[in-house]
Amino acid sequence: MPTAELRAARRPRSPHLGLRLERDRLEHRARRLEEAILALEARREYRHSRGSVPLPLVQAIIGFREELRRTEQRLRTLSR
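These numbers were taken from a predicted model, which means no experiment stands behind them. As a convention, each chain's residues are numbered from 1 in the sequence order in which they are written. For a predicted model such as this one, the threshold for reporting local features is a pLDDT of at least 70, and the threshold for listing and counting side-chain atom pairs is 80 or more; totals across whole chains, interfaces and linings nevertheless cover every residue. The side-chain values count all of the structure's non-hydrogen atoms but skip hydrogen atoms and water molecules.

J.: What is the right way to look at the overall build of the protein chain in this model?
T.: A run of DSSP states H or I qualifies as a helix once it reaches four residues; a run of E qualifies as a strand once it reaches two. Both are numbered from the N-terminal end. For the protein chain, the count of helices and strands is three helices and zero strands. The N-to-C order of helical and strand elements in the protein chain reads α-α-α. Partly exposed residues are those whose accessible area sits between 20% and 50% of the maximum for their type, while under 20% is buried and over 50% is exposed, using a 1.4 Å probe and protein chains only. Expressed as a percentage of its 80 residues, the buried residues of the protein chain come to 15%. Sequence separation of 24 or more characterises 70% of the internal contacts of the protein chain that already satisfy a separation of 6 or more. Contact criterion: two residues are considered in contact whenever any of their non-hydrogen atoms come within 4.5 Å of each other.

What follows is the structure in structure tokens.
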């Protein structure tokens, strides 16, 4: 038996496992992004109460929200 066939015979293939792992990874990422956004928003509120919100902080919040949107979109795509 050729080597490639031996490797294929020993390795069970389950496309569902890969999808499940990808979904789990994305769900975990979405939770981490949500937590980061909450922390940044709290920091923004604090800075606002002190009189100024640095532009990089606002840009970070926007960036994290965009990443969360893309992650949630990918999760919806996997759920179909």
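After presenting the structure, the write-up continues.
J.: Could you clarify how one ought to interpret the side chain of Glu 41 in this entry?
T.: Assignment of secondary structure puts Glu 41 in helix 2 (residues 15-49). For Glu 41, a relative accessible area of 14% puts it in the buried group.

J.: Would you mind showing me how to read the pattern of salt bridges here?
T.: Side chains carrying opposite charge are able to pair once their charged atoms draw close together. We count a salt bridge whenever a side-chain nitrogen from Lys or Arg sits within 4 Å of a carboxyl oxygen from Asp or Glu. For the structure shown, the criterion picks out eight salt bridges. Across the pair Arg 70 and Glu 67 runs a salt bridge whose closest N-O atoms are separated by 2.4 Å. Taken as a pair, Arg 70 and Glu 67 lie in helix 3 (residues 55-79) at a separation of three residues, close to a single helical turn. Its relative accessible area of 40% is what places Arg 70 among the partly exposed residues.

J.: Sorry, what's going on with helix 3 here?
T.: In an α-helix, one turn spans 3.6 residues; hence positions three or four apart end up facing the same way. If you check helix 3, its first and last C-alpha atoms are 36 Å apart, about what 25 residues at 1.5 Å a residue would give, namely 36 Å. Turning to helix 3, its buried residues number three or more, namely Leu 57, Ile 61, Leu 68, Thr 71, Leu 75 and Leu 78. Expected helix span is given by 1.5 Å per residue-to-residue step, counting one fewer step than there are residues.

J.: Help me understand the side chain of Thr 71, please; the structure alone is not making it clear to me.
T.: Take Thr 71: it is sitting in helix 3. Excluding residues within four positions of it along the chain, Thr 71 makes contact with Leu 26, Arg 29, Ala 30 and Leu 33.

J.: What is the right way to look at the environment of Ala 60 in this model?
T.: Within the element layout of this structure, Ala 60 appears in helix 3. Relative accessible area serves as the criterion here: at 25%, Ala 60 is assigned to the partly exposed category. Sequence spacing of Ala 60 and Ile 37 is 23 residues, and the spatial spacing of their C-alpha atoms is 8.7 Å.

J.: Before we go on, may I ask you to explain the confidence of the model for the protein chain in this structure?
T.: It should be kept in mind that the predicted coordinates are not to be read in detail where pLDDT is low. In this model, the protein chain carries a mean pLDDT of 89, and residues with pLDDT of at least 70 account for 81%. pLDDT expresses, on a scale from 0 to 100, how confident the predictor is about each individual residue. Highest mean pLDDT in the protein chain belongs to helix 3 (96); lowest belongs to helix 1 (residues 3-10) (60).

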